[in-house]
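Listed here are the chains, written in short residue letters.
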Amino acid sequence: MARAPQALPGEIRLRQLGLQAYVPTWDAMRAFTATRLTTTPDEIWLVEHLPVYTLGQAGQAQHVLDAHGIDVVQTDRGGQVTYHGPGQAVVYVLMDLRRRHWMVRETVHRLEEAVIRTLARLGVVGVRRPGAPGIYLGAPHPRAGAKISALGLKVRNGCTYHGVAINVDMDITPFAGINPCGFSGLDVVDLAQLGVHTRADAVGMCFATELAMLADTTPNTPPQA
């Protein structure tokens, strides 16, 4: 984390961490959240991870079908099991919801909207799926319904950590070793398979900018009764 943070709209700081192991980054998120003050600026961290499966707080081990030697880490985020690896844009969102007067459901909606807008900039239609957080490939693509972005948050003392992952140009085969997000046989896709060739850090930066603009245009005032 030696690189100086970059200022984004919405009074958010962006940190680009590069390729990192999962557990030390998770530890850093928890430490940041535990020690932040009411005046601490919100941050977005961009990272790619070395190969790892992560289980959500209520994740069920039976959804890991065959780890093939890849580490499985039980985490404190929401959701079931997913895979992280190089070529995937992982974006951690460390925000004080109380200060922004955002409810958790609204926050999830904004994160999903930022993913949808990021994909749209790349010519890809992303859609929500009721009851299944994350973003999926939309019609009329032949693989409509395939998952392209996972989402999982933890809220502690009104502040979030963890975030979203967008599949950019990665080895998709490890997803066959799990039931992604708890869904058996769920198709998983990345941008490269859709003919969109770009870098994970560029996609992460686009997402961070879209989320910051959403934050900047959403007044930090209590919601109307």
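Quick note: structure is the one above.
These remarks concern the structure in this document.

Parameters and conventions
- Residues numbered from 1 in each chain as written.
- Predicted model: local features only at pLDDT ≥ 70, side-chain atom pairs only at ≥ 80, totals over all residues.
- Heavy atoms only, no water.
- Helix = DSSP H or I, 4+ residues; strand = E, 2+ residues; numbered from the N terminus.
- Rg over C-alpha atoms; globule rule 2.2 N^0.38 Å.
- Areas by Shrake-Rupley, 256 points an atom, 1.4 Å probe, with all protein chains shown as cover.
- Lys, Arg positive; Asp, Glu negative; His and termini not counted.
- Charge placed at Lys NZ, Arg CZ, Asp CG, Glu CD.
- Expected span 1.5 Å × (residues − 1).
- Buried < 20%, exposed > 50% of the residue type's maximum accessible area, 1.4 Å probe, protein only.
- Salt bridge = Lys/Arg side-chain N within 4 Å of Asp/Glu carboxyl O.
- Pairing = 2+ DSSP bridges.
- Axes fitted to C-alpha atoms, helices over the stretch in contact; angles between N-to-C directions.
- Contact = heavy atoms within 4.5 Å.
- Parallel < 35°, antiparallel > 145°, perpendicular 65-115°, else oblique.
- Left-handed = near helix turned anticlockwise from the far one by under 90°.
- Nonpolar A, V, L, I, M, F, W, Y, C, P; charged D, E, K, R; others polar.

Turning next to the overall build of the protein chain. Within the protein chain, the secondary structure is distributed over 4 helices and 11 strands. Relative to its length of 225 residues, the protein chain is compact, with a C-alpha radius of gyration of 17 Å against a globular reference of 17 Å. In terms of its C-alpha atoms, the protein chain occupies a principal-axis envelope of roughly 45 × 40 × 35 Å. Carbon and sulfur atoms make up 56% of the accessible area of the protein chain, which amounts to about 10200 Å² in all. Separation between the mean location of the 20 positive side-chain charges and that of the 19 negative ones in the protein chain comes to 6 Å.

The subject of this paragraph is unusual backbone geometry. Residues Ala139 and Pro140 are joined by a peptide bond in cis, for which omega reads 10°. Position of Pro140 relative to the elements: it lies in the loop between β9 (132-137) and β10 (147-156). Within the chain, His101 stands out as a residue other than glycine whose phi angle is a positive 60°. Looking at the secondary structure, you find His101 in the loop between α2 (97-100) and α3 (104-121). Located in the positive-phi region is Cys181, a residue other than glycine, with phi close to 55°. Turning to its location among the elements, Cys181 is positioned in the loop between β11 (159-167) and α4 (200-216).

Moving on, we get to α3. Under the 1.5 Å per step criterion, the end-to-end length of α3 is 26 Å for 18 residues, consistent within 8% with the ideal 26 Å. Taken together, the buried positions of α3 are Thr107, Val108, Arg110, Leu111, Glu112, Ala114, Val115, Ile116, Thr118 and Leu119. Immediately downstream of α3, the backbone of Gly123 shows phi near 80°, a positive value.

Our next topic: the pattern of salt bridges. Throughout the structure, instances matching the rule amount to 13 salt bridges. Ionic pairing is found between Arg36 and Asp42, a salt bridge with its closest N-O pair at 2.7 Å. Here Arg36 matches Asp42 in class, with each residue buried. The closest approach of N and O atoms between Arg99 and Asp42, which form a salt bridge, is 3.1 Å. Of the two residues, Arg99 sits in helix α2 while Asp42 sits in strand β3 (residues 42-49), which places them 57 residues apart along the sequence. Residue classification places Asp42 among the buried residues on the basis of a relative accessible area of 0%. Residues joined by salt bridges that share partners form a network here, namely Arg36, Asp42, Arg99 and Arg100.

On to the sheet that holds strand β4 (residues 52-55). With mixed pairing, 3 strands are arranged side by side in an open sheet as β5-β4-β6. The sheet terminates laterally at β5 (72-74) and β6 (81-84), the two strands that pair on one side only. Each adjacent strand pair in this sheet contributes to an overall mean axis angle of 25°, direction not counted. Contacts between helix α1 (residues 22-35) and the sheet are confined to β4, β5 and β6, with β5 contributing the most and set at about 15° to the helix.

Right, let's get into the environment of Leu214. Looking at where Leu214 falls in the secondary structure, it is placed in helix α4. Judged by relative accessible area, which is 11%, Leu214 ranks as buried. Note: C-alpha distance between Leu214 and Gly10 (204 residues apart in sequence) is 7.9 Å. Setting aside chain neighbours within four positions, we find Leu214 in contact with Arg110, Glu113, Ala114 and Arg117.

Right, let's talk about the packing of α3 against α4 for a bit. In contact at an axis separation of 8 Å, α3 and α4 are set at 130° when each is read in the N-to-C sense. Between α3 and α4, the interaxial angle falls into the category oblique. Read as a crossing pair, α3 and α4 show a hand that is right-handed. Between α3 and α4, the residues in contact are Arg110, Leu111, Glu113, Ala114, Val115, Arg117, Thr118 and Arg121 and Val203, Cys206, Phe207, Glu210, Leu211, Met213 and Leu214, respectively. Split into classes, the residues belonging to the contact of α3 with α4 amount to 9 nonpolar, 1 polar and 5 charged.

Let's shift gears to α4. The end-to-end C-alpha separation of α4 is 24 Å, in line with the 24 Å expected for 17 residues at 1.5 Å each. Ala200, Val203, Gly204, Cys206, Phe207, Ala208, Glu210, Leu211, Ala212, Leu214 and Ala215 are the residues of α4 that are buried.

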